[in-house]
Structures are given as structure tokens and as C-alpha cells.
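Per-entry structural report
These are the residues of each chain, in order.
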Amino acid sequence: MTATTESKLRDTIAELGKSLFERGMTAGSSGNISARLADGWLLTPTNSCLGRLDPARIAKLAPDGQHLSGDPPSKELFLHGAMYEERASAKAIVHLHSTHSVAVSCLPEVDPADVLPPLTAYYVMKIGRLPLIPYYRPGDQKLGDAIRGFAAKNRAVLLANHGPVVAGESLEDAAYAMEELEETAKLYLPVHGRNPRCLTEAQIAELRDVFPA
Ligand SMILES: [Zn+2]
């Protein structure tokens, strides 16, 4: 990967971080964004605010997660490492503590195999299926192990009482999918328990046929 490409990825991480932060999708110093490089990956620093990232200080890591340069990486680096190891197609990952997704992750009645119902076509196209990962304290390596079991088959997972982790084929792709997930969680909260009409199996099959992942 050329230095120019890496520098562009650094700028895009800072731009998307600012946009997500300014729209209230993550608060304080929570949330982290990463991008895969030919020789490792970039990850936002620990205790950094996504609204005010300095592209030059974003951490650079070796493929095994070892810190190479920049500020110390987020403590949640193993979430990203586990996703990259399991998903060859993942070029970027966004993890946020976005309010509505976290709210859904705390509901006792959700199906842990697939948390959100197929309410809209865009949710089905951008996320598809969303498994719930059991709660572990932030920084616990067991969380990375728990994600490993789901990452190969799912671009997104929801960490119980914590927040979503979404992979994409580019930084924009991961951020847009994250936004779709958060919007669907926002939509789900007022309709759940009210027997909403969801997309049917046939409608979902048609979407998968016309818009293959
Ligand atoms: Zn987190």
C-alpha cells in the first residue's frame, strides 16, 4: 500500500469520525474506527474523541495488533483484530456506543441469533443478520474470542449492553452500514411489542437475489 493511500485512509477516518460524532452517534471518547492496510491496520487512539481526531496521530498496528506508531490504540483493538482475522473481505470496521443500538442490546426478549427483525429493505441489504454477543467487560480478551465465532458469517455483531461492531469493504461502506443499523434500532424501539409487519421470507429472498452481498 502506498503512503498516499494510507494518508487518505487516515483523513477519511477523521472525516467520518467527526460526522458520526457531530450527529450524536457516539459520545465523549467512546467508539473506534479502523481500516486495513497491506501491512497491518490503522485504529483510532485510546481516549480519543471521534469528533476531533488528528489523522497523523491515528495508531498504526501490525497484522497481529502490535502497536507500531502513532498514539496508543483503543483498548478495544481486539474487537477489530478478531473481525479482520475472520473476514478477509473486511477493509474497515466501525464500533460505536450508539444509543438506540445499545438500548436494543439491553432488551431481554430479543432473539440472540438475530436481534433485529427485517423491518426495511435497506436493513436487510446492508446488515442482514445481527447476532448478539454475550456481555464481557470492556477490554476483556474473551470478547474477541466470542466475536470470532460469528464474524465469518456476519458483517455486524451487537455486543450486549455495549454496542455494535460493523465491518465493510471500505470505511464509507462500514460507516453507512453502521448508520443503517442505528436507524433500524431507532425504528425498532417504538414498534417492538406491537406486532409490526416485517418483510416476508419471499421479499427477503428477492432482495438477496437482486442485491447480492
Ligand atoms: Zn466499545
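Use the structure listed above.
Now for a look at the structure at hand. (Residues numbered from 1 in each chain as written. Predicted model: local features only at pLDDT ≥ 70, side-chain atom pairs only at ≥ 80, totals over all residues. Heavy atoms only, no water.)

Extensive coverage of helix α2 (residues 77-86) is indicated by the burial of seven of its ten residues. The complete set of buried residues in α2 reads F78, L79, H80, G81, A82, M83 and Y84. Those residues of α2 that are buried lie in contact with β1 (32-37), β2 (40-43), β5 (92-95), α5 (141-151), β7 (156-159) and β8 (163-168). (Buried < 20%, exposed > 50% of the residue type's maximum accessible area, 1.4 Å probe, protein only. Helix = DSSP H or I, 4+ residues; strand = E, 2+ residues; numbered from the N terminus. Contact = heavy atoms within 4.5 Å.)

The coordination sphere of the zinc ion contains the protein donors E76 (OE), E76 (OE), H95 (NE2), H97 (NE2) and H162 (NE2), at a distance range of 2.0 to 2.5 Å. Summarised as a motif, the one-chain spacing of the donors to the zinc ion is E-x18-H-x1-H-x64-H. (Donors = N, O, S within 2.8 Å, 3.2 Å for Na, K, Ca; no water.)

What the largest pocket holds in volume is close to 570 Å³. Contributing to the lining of the largest pocket are 21 residues, with M125, K126, I127, R155 and A213 lying nearest its centre. Mapped onto the lining of the largest pocket, the elements with two or more residues apiece are α4 (121-126), β8 and α7 (201-210). Here the lining of the largest pocket gets three residues from one element, more than from any other, and that element is α4. Counted by class, the lining of the largest pocket contains nine nonpolar, four polar and eight charged residues. In this structure, the second largest pocket occupies an estimated 180 Å³ of space. For the lining of the second largest pocket, the residue count by class is two nonpolar, nine polar and two charged. (1 Å grid on protein atoms, 1.4 Å probe; cavity = no way out; pocket = protein on both sides within 12 Å on 5 of 7 lines; lining within 4 Å. Points joined across faces, edges and corners; volume = space filled by probe spheres on them. Nonpolar A, V, L, I, M, F, W, Y, C, P; charged D, E, K, R; others polar.)

Here the focus is the side chain of S105. With respect to the helices and strands, S105 occurs in helix α3 (residues 99-105). In terms of polar contacts, S105 uses its side chain to reach the backbone carbonyl oxygen of V102, at 2.7 Å. Looking at S105, its side chain comes within polar contact range of the main-chain nitrogen of N161, at 2.9 Å. Not counting chain neighbours up to four residues away, the residues in contact with S105 comprise L132, L158, L159, A160, N161 and H162. (Polar contact = N/O pair within 3.5 Å; in protein donor to acceptor, adjacent residues only side chain to side chain.)

Counting 38 residues, the largest nonpolar core has I13, V94, V104, I127, L130 and L171 as its most contacted members. Mapped by element, the contributors of at least two residues to this core are α1 (3-22), β1, β5, β7 and α6 (171-191). Ranked by residue count, the leading element in this core is α6, at eight residues. Residue contacts for V104: discarding those within four places in its chain leaves V110, V115, L116, L158, A185, Y188 and L189. The next biggest cluster of nonpolar side chains, apart from the first, holds 19 residues, and it includes M83, Y84, A90 and I133. (Core = buried A, V, L, I, M, F, W, Y, C linked by side-chain atoms within 4.5 Å.)

All chains considered together, the criterion is met by ten salt bridges. Ionic pairing is found between K18 and E22, a salt bridge with its closest N-O pair at 2.9 Å. Linking K18 with E22, this pair stays in helix α1, spanning four residues, or about one helical turn. Residue E179 pairs with R23 through a salt bridge whose shortest N-O separation is 2.9 Å. (Salt bridge = Lys/Arg side-chain N within 4 Å of Asp/Glu carboxyl O.)

As for its placement among the helices and strands, T44 is situated in the loop between β2 and β3 (59-61). Leave out the neighbours within four places in its chain, and T44 touches I13, G31, N32, I33, L50, L53, I58, P73 and S74.

Glancing now at the sheet that holds β7. One key point about sheets: their strands pair by backbone hydrogen bonds, in either a parallel or an antiparallel sense. Sheet architecture is open: eight strands sit in the order β4-β3-β2-β1-β5-β8-β7-β6, paired in mixed fashion. Each end of this open sheet is capped by a strand with a single partner; those strands are β4 (67-69) and β6 (132-133). Where β5 and β8 come together, four bridges link them in antiparallel fashion. Along β8, the bridge assignment pairs H95 with V165. (Pairing = 2+ DSSP bridges.)

At N47, a position not held by glycine, the phi torsion is positive, near 55°. With respect to the helices, strands and loops of the structure, N47 is situated in the loop between β2 and β3. Under the relative-accessibility criterion, N47 is labelled exposed at 61%. Even without a glycine there, the phi angle at N195 is positive, about 55°. For N195, a relative accessible area of 70% puts it in the exposed group.

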